[in-house]
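One letter stands for each residue in the lines below.
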Protein chains: 2
Amino acid sequence: MKDHKRQPTAVRAPAIVKEAVRLFTLNGYDATSVDAIASGVGITKASVYHHFSGKEEILSAAMDLILDPLEQLLADTRLEEMPAIGQLRAIVVSVIELTALHRGEVLLLSMIKSNTQTERSAQERRRKLQATVSKIITRAIEEGSISPFFDPVVLGRLIFGMTNSVMYWWDLNRPSNTVDTQTLLDQILGFISSGVSYSAPAESETAWSIPHTESSRPVDKALRDINE
Amino acid sequence: MKDHKRQPTAVRAPAIVKEAVRLFTLNGYDATSVDAIASGVGITKASVYHHFSGKEEILSAAMDLILDPLEQLLADTRLEEMPAIGQLRAIVVSVIELTALHRGEVLLLSMIKSNTQTERSAQERRRKLQATVSKIITRAIEEGSISPFFDPVVLGRLIFGMTNSVMYWWDLNRPSNTVDTQTLLDQILGFISSGVSYSAPAESETAWSIPHTESSRPVDKALRDINE
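Residues numbered from 1 in each chain as written. Chains lettered and ligands numbered in written order. Predicted model: local features only at pLDDT ≥ 70, side-chain atom pairs only at ≥ 80, totals over all residues. Heavy atoms only, no water.

Under an unreviewed UniProt entry, the name given to chain A is TetR family transcriptional regulator, and the source organism is Paralcaligenes ureilyticus.

Now the structure itself:
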């Protein structure tokens, strides 16, 4: 008991979420008990309940970590004033940076079922984000920055199917097997922009290719990009 | 017993594989028993063992359905004589068509652990295919058909991360929620070729854009394309 009394309360809630996400993705949400989460963090079950009403609230906190920044980004009026292609780019940047910071949570979102209200709520928020992306792509086609060749829904699913696939292989904890965030982002933005034939640094002055810098908060970073 | 004696033996083995794949992807490979598979098909456990030595051999047959055609495609000398960009295109076409035919098996390959020799073997075959794709992309860069901007390993993972993502949302059994194989293929090939800015039917004479027609056997179809 002494040991975790030394640990500040503010640190413990994120540690609980982190361990819960690890167990949820490893064994499934249904198969993971609050006991197992407490034991994994090295605290008592009562300490978990000091922070969360139960498993569902922990899942909810985990989903907020990745869904809140994306929703805030899409609700930001500065984003709305941009050309649609720049909005799409800001979302791709945000998704990749969120995956770098919260790989487990992104993986969990793709895995959850719809048995509880919290699970259904996370899936519903995800669907709304997808619908917003489809609308942005539709607008980009109208604005002439994306070819009318594309079906907006299919293209949205392909782009975010690609960015989501990163969570399966891109493990920043295993540097030998990976690339850094900036390189990955460049490769993805280059690919989305011009496909495999991408070869034109001269094109980098378009809205799509706004330069970006390092940041630990994806939503801030995406918005900073927009204002550059 | 009478009922399934009427069913020809040749039909029963694929039916067993199909039901096994459904249960493996729904409940996990480890949690699925031969009893459950037999019961799902509506035959006795003994009838399952008439075709397969056990669960592992059923899994192996399921993996062969998607890995055999891809390996045959890559081993075909007609493919080897093509420019690398055409080889890459043939593989993309094959992956999408295999996903259309064997969505469950593709999903299963992405889900299996490495507890048994059969699981490890399937993962190893998948890794070899990925390595071959990286080599083909490296060659395409050398041949000037893919920009040297790209890291061959990262680009390979992005392209096949995108094509694999299709298995999560593209359900041909729910036509309202989907696009047909040919349309999806066109959208994907257009996107890989030129990114979102794709708009040039005039470019369709390149090796990348060899025209393709419908077929139920992906490997045949890809090779037919090559010879056109």
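## Focus: the overall build of chain A
Secondary structure assignment for chain A yields twelve helices and zero strands. Its helices and strands taken in sequence order, chain A reads α-α-α-α-α-α-α-α-α-α-α-α from the N to the C terminus. Relative to its full complement of 228 residues, chain A shows a buried share of 51%. The contacts in chain A between residues at least 6 apart in sequence include a share of 66% that link residues at least 24 apart. Counting every atom, chain A has about 10,700 Å² of accessible surface; 52% of that belongs to carbon and sulfur. (Helix = DSSP H or I, 4+ residues; strand = E, 2+ residues; numbered from the N terminus. Buried < 20%, exposed > 50% of the residue type's maximum accessible area, 1.4 Å probe, protein only. Contact = heavy atoms within 4.5 Å. Areas by Shrake-Rupley, 256 points an atom, 1.4 Å probe, with all protein chains shown as cover.)

## A word on the relation of the copies chain B and chain A
Taken together, a rotation about one axis and a shift along it account for how the two chain copies relate. Taken as rigid bodies, chain B and chain A are interconverted by a rotation of 180 degrees and an axial shift of 0.0 Å, the fit giving an RMSD of 0.0 Å. What the superposition gives is, in effect, a two-fold axis relating one chain to the other. (Least-squares fit on C-alpha atoms with pLDDT ≥ 70 in both.)

## Examining the environment of P152 of chain A
All names here are of chain A. Checked against the element boundaries, P152 lands in helix 10 (residues 152-169). Taking the relative accessible area as the measure of exposure, P152 reaches 21% and is therefore partly exposed. For the pair formed by P152 and R139, sequence separation is 13 residues and the distance between their alpha carbons is 9.3 Å. Residue contacts for P152: discarding those within four places in its chain leaves S134, I137, T138 and I141.

## Thoughts on the pattern of salt bridges
Residue and element names in this part refer to chain A. As enumerated under the stated definition, the model contains 14 salt bridges over all chains in all. The partner of R22 in a salt bridge is E19, and the shortest N-O contact between them spans 3.0 Å. Here E19 and R22 lie together in helix 2 (residues 9-27), a separation of three residues that amounts to about one turn. Judged by its relative accessible area of 12%, E19 falls in the buried class. Overlapping salt bridges bring together D64, D68, E71 and R125 as one network. (Salt bridge = Lys/Arg side-chain N within 4 Å of Asp/Glu carboxyl O.)

## Considering the UniProt feature "DNA-binding region" (unreviewed entry) in chain A
The UniProt record marks residues 33-52 of chain A with the feature "DNA-binding region" (unreviewed entry), using the residue numbering of this structure. Structurally, residues 33-52 of chain A is divided into 75% helix and 0% strand, and its ends, taken at the C-alpha atoms, are 13 Å apart. (UniProt positions renumbered as here; feature names shortened; annotations may be inferred.)

## Some thoughts on the nonpolar core
Core analysis: the largest hydrophobic core is formed by 133 residues, its most contacted members being M63, I146 and F191 of chain A together with M63, I146 and F191 of chain B. The residues touching I146 of chain B, leaving out its near neighbours within four places in the chain, are V196 of chain A together with I85, L88, I137, A140, I141 and L155 of chain B. (Core = buried A, V, L, I, M, F, W, Y, C linked by side-chain atoms within 4.5 Å.)

## Comments concerning the interface of chain B and chain A
The interface is formed by 34 residues belonging to chain B together with 34 residues belonging to chain A. Surface buried jointly by chain B and chain A totals about 3,000 Å² across both partners, of which 69% is contributed by carbon and sulfur atoms. For the chain B face of the interface with chain A, the top three residues by lost area are L158, Q187 and V196 of chain B, together amounting to 24%. For the pair chain B and chain A, the interface holds zero salt bridges. Counting every contact that joins chain B to chain A gives ten residue pairs in polar contact (both at pLDDT 80 or more). (Buried area = accessible area lost by both parts, 1.4 Å probe. Polar contact = N/O pair within 3.5 Å; in protein donor to acceptor, adjacent residues only side chain to side chain.)

## Considerations on the packing of aromatic side chains
This model, assessed by the stated rule, comprises seven aromatic pairs over all chains. Where F24 of chain B meets Y29 of chain B, the ring centres are 4.9 Å apart and the plane angle is 70 degrees; that geometry is what we call edge-to-face. In this structure Y29 of chain B comes out as buried when scored by relative accessible area, which is 8%. Grouped by ring-pair contacts, the aromatic residues F149, F150 and F191 of chain A together with F149, F150 and F191 of chain B constitute a single cluster. A cation sits over an aromatic face here: K55 of chain A above Y29 of chain A, 4.5 Å from the ring centre. (Phe/Tyr/Trp six-rings, centres within 6.5 Å; stacked < 30°, edge-to-face > 60°. Lys NZ or Arg CZ within 6 Å of the ring centre and 35° of its normal.)

## Here we look at helix 3 (residues 34-41) of chain A
Residues and elements named next belong to chain A. Burial in helix 3 covers these residues: V34, I37 and A38. Seen from one end, helix 3 has its buried residues packed into an arc of 95 degrees, which puts them on one side. Where helix 3 ends, the next residue or the one after it, G42, has phi of about 85 degrees, a positive value. (Arc of directions from axis to C-beta.)

## Structural notes on the environment of G156 of chain A
All names here are of chain A. Relative to the assigned elements, G156 resides in helix 10. Distance from G156 to T138, taken between C-alpha atoms, is 9.8 Å for residues 18 residues apart in sequence. In contact with G156, not counting residues within four places along its chain, are V133 and I137.

## Thoughts on the packing of helix 10 of chain A against helix 10 (residues 152-169) of chain B
Packing of helix 10 of chain A against helix 10 of chain B leaves a shortest axis separation of 7 Å and a crossing angle of 115 degrees. Taken as a pair, helix 10 of chain A and helix 10 of chain B cross one another with a handedness that is right-handed. Note on element contacts: helix 10 of chain B touches helix 10 of chain A through V154, R157, L158, G161, M162, S165, V166, Y168 and W169 of chain B, opposite V154, R157, L158, G161, M162, S165, V166, Y168 and W169 of chain A. (Axes fitted to C-alpha atoms, helices over the stretch in contact; angles between N-to-C directions. Left-handed = near helix turned anticlockwise from the far one by under 90°.)

## As for helix 7 (residues 84-101) of chain B
Spanning 18 residues, helix 7 of chain B covers 26 Å between terminal C-alpha atoms, matching the ideal 26 Å at 1.5 Å per step. For helix 7 of chain B, a buried count of 16 out of 18 residues is recorded, marking the element as mostly surrounded by other parts of the structure. (Expected span 1.5 Å × (residues − 1).)

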